[in-house]
Amino acid sequence: MHWNSARLRLLLTLVIADLLLFAGVSATAAEARAPARHGARIIAEEQAGERLVDLTVASPALGGTAKVRLLTPDGWERRGSGETWPVLYLLHGGFEPETYKTWTRESDVEELPQLRDVLVVMPEGGQVGFYSNWWNHGTGGPPAWESFHLDEVRPLLERHYGAGSRRAVAGLSMGGFGAVSYAARRPGLFRAAASYSGPIHLLHPRMREVWPQMEEAYGGDLDALWGDRDAQRAIWQAHDPHHLAQHLRHTPVYLSTGDGTPGPLDPPGSVYDPAEAVIHDLTRSLDTRLRRLGAPVTGHFHSGTHHPAYGERELHHSLPVLLHAVGA
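Rules used throughout
- Residues numbered from 1 in each chain as written.
- Predicted model: local features only at pLDDT ≥ 70, side-chain atom pairs only at ≥ 80, totals over all residues.
- Heavy atoms only, no water.
- Core = buried A, V, L, I, M, F, W, Y, C linked by side-chain atoms within 4.5 Å.
- Buried < 20%, exposed > 50% of the residue type's maximum accessible area, 1.4 Å probe, protein only.
- Helix = DSSP H or I, 4+ residues; strand = E, 2+ residues; numbered from the N terminus.
- Contact = heavy atoms within 4.5 Å.
- Pairing = 2+ DSSP bridges.
- Salt bridge = Lys/Arg side-chain N within 4 Å of Asp/Glu carboxyl O.
- Axes fitted to C-alpha atoms, helices over the stretch in contact; angles between N-to-C directions.
- Parallel < 35°, antiparallel > 145°, perpendicular 65-115°, else oblique.
- Left-handed = near helix turned anticlockwise from the far one by under 90°.
- Nonpolar A, V, L, I, M, F, W, Y, C, P; charged D, E, K, R; others polar.
- Phe/Tyr/Trp six-rings, centres within 6.5 Å; stacked < 30°, edge-to-face > 60°.
- 1 Å grid on protein atoms, 1.4 Å probe; cavity = no way out; pocket = protein on both sides within 12 Å on 5 of 7 lines; lining within 4 Å.
- Points joined across faces, edges and corners; volume = space filled by probe spheres on them.

Colleague: Please clarify how the nonpolar core should be interpreted in this entry.
Modeller: A general feature of soluble globular proteins is that nonpolar side chains tend to end up buried together. Counting 65 residues, the largest nonpolar core has Leu70, Phe148, Leu157 and Leu290 as its most contacted members. No other element matches helix 4 (residues 174–185), which puts 7 residues into this core. Among residues more than four places away in sequence, those in contact with Leu290 are Ala245, Leu248, Val253, Leu255, Ala295 and Val297. Judged by nonpolar contacts, the second largest core, of 24 residues, contains Leu115, Ala192, Tyr196 and Val326.

Colleague: Explain the pairing of strand 1 (residues 41–47) here, please?
Modeller: Along a regular strand, successive side chains alternate from one face of the sheet to the other. Examined bridge by bridge, strand 1 and strand 2 (residues 52–59) share 6 bridges and lie antiparallel to one another. Considered in strand 2, the bridge of Ile42 is made with Val57. Taken together, strand 1 and the strand that follows it, strand 2, pair antiparallel across an intervening segment of 4 residues.

Colleague: Help me understand the pattern of salt bridges in this model?
Modeller: Think of it this way: side chains of opposite charge can pair up when their charged atoms draw near. Under the definition given, this model contains 14 salt bridges. Across the pair Glu209 and Arg206 runs a salt bridge, and its minimum N-O distance is 2.9 Å. You can call Glu209 partly exposed: its relative accessible area is 45%. Classification of Arg206 by relative accessible area gives partly exposed; the value is 25%. Put simply, Arg291 and Asp287 hold a salt bridge, and the shortest N to O gap is 2.9 Å. Separated by 4 residues within a single helix, Arg291 and Asp287 lie in helix 8 (residues 274–292), roughly one turn from each other. Relative accessible area serves as the criterion here: at 46%, Arg291 is assigned to the partly exposed category. With a relative accessible area of 6%, Asp287 lands in the buried category.

Colleague: Can you walk me through the packing of helix 5 (residues 207–218) against helix 8 in this structure?
Modeller: Packed helices, taken two at a time, are described by their axes: the angle between them and the distance between them. For the pair helix 5 and helix 8, interaxial distance at closest approach is 9 Å and the crossing angle is 130°. On the basis of their axis angle, the class for helix 5 and helix 8 is oblique. Regarding helix 5 and helix 8, the two cross each other, and that crossing is left-handed. Counted together, Met207, Glu209, Val210 and Gln213 of helix 5 and Ala275, Val278 and Leu282 of helix 8 form the full contact between these two elements. Tallied by class, the residues present in the contact of helix 5 with helix 8 amount to 5 nonpolar, 1 polar and 1 charged.

Colleague: How should I be thinking about the sheet that holds strand 8 (residues 253–258) in this particular structure?
Modeller: One open sheet holds the 9 strands; their spatial order is 1-2-3-5-4-6-7-8-9, and the pairing between them is mixed. The two strands at the open ends of the sheet, each matched to only one other strand, are strand 1 and strand 9 (297–302). Across this sheet, the average inter-strand angle for adjacent strands is 20°, counted without regard to direction. Across 8 bridges, strand 2 lies against strand 3 (residues 64–71) in antiparallel orientation. Its bridge partner lying in strand 3, Ser59 is registered against Gly64.

Colleague: Quick question: what am I supposed to make of the packing of aromatic side chains here?
Modeller: Each aromatic ring pair is specified by the distance between its two centres and by the angle formed by the two planes. Across all of its chains, the model carries 13 aromatic pairs by this definition. Between Tyr131 and Tyr182, the aromatic rings sit 5.9 Å apart at their centres with planes inclined by 90°, giving edge-to-face as the arrangement. Here the residue Tyr131 occupies a position in the loop between strand 5 (119–123) and helix 3 (145–160), and Tyr182 occupies one in helix 4, the gap between them amounting to 51 residues. Comparing Tyr131 with Tyr182 shows no difference in burial state: the two are buried. With 5.9 Å between their ring centres and 25° between their planes, Trp211 and Trp226 make a pair best called stacked. Of this pair, Trp211 sits in helix 5 while Trp226 sits in helix 6 (residues 223–226), and the two are 15 residues apart along the sequence.

Colleague: Honestly, empty space enclosed by the protein in this entry has me stumped. Any pointers?
Modeller: To find the voids left in a structure, one rolls a probe of water-molecule size over its atoms. Within the structure shown, the criterion is met by 1 cavity of 30 Å³ or more. Every residue along the wall of the largest cavity is listed here: His92, Gly93, Glu98, Thr102, Trp103, Glu106, Ser107, Leu172, Pro308, Gly311 and Glu312. Counting residues per element, the ones that place at least two in the lining of the largest cavity are helix 2 (102–106) and helix 9 (308–326). Classifying every residue of the lining of the largest cavity gives 3 nonpolar, 5 polar and 3 charged.

Structure (structure tokens):
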């Protein structure tokens, strides 16, 4: 077979183009899994649904791996370099079987048209992890959930997965605490926050009534979390949204809770829920403090227990506040 010079040049051009394309794809995949400055890295990525992507993160802050679920916006899979979307972080509660899958399993978050132009991030938060870097009796170290979410996951998503700098955060139960506490502990990082039945006044006297239930769920002494509430009071205050309320004076905050009495979304036969009644008082307390500070707070206090159906409803109610703040 004889090749003229023109055909040979064409063949070489096509081969080189294929090699460059392959190299580009390989580089992109490698970059997405490259460790960030803090050492965390994505080690696996799985398509979990039409718009769902599950990431596995190797985390120095946790001393192991943890999952993050993304609900992606329209056009996300075709995103160009530097293209970003507003971000809504949705945090789960602290009792089994609540995980990074909770919001997609127990709510209609995937169906909401308001979220078609938002990247929704649902990270693992641990059972009774409380969205905190654990004190561990003064030694620190894993689990450091705050560092995992805000210093490891957030930069990875902003570098490689289209997460922008316009952020809001919301959560149910323990996740409600995490949402408002994160917004107060990192002023300016989130443009709005929402708590649905979250224990958001840690040093309220009634918090002692529900703490034993949390210890039971954890399976041991929770002093490793923030220490003794009296001896390590400064640590408790550093995580308490009520104590940090002045940091929320310019942040729109949505607060909701039931009063413990069975409401319209509770199953037939439901009974009074004393834990939700305690959370009601804690939430009222923060709502009052924020109003006295002139903060842009929205409170919705209703009948109902700690049933997750109220979290779904309150997500709907709070979305105008959250999405307006991020310009979505």
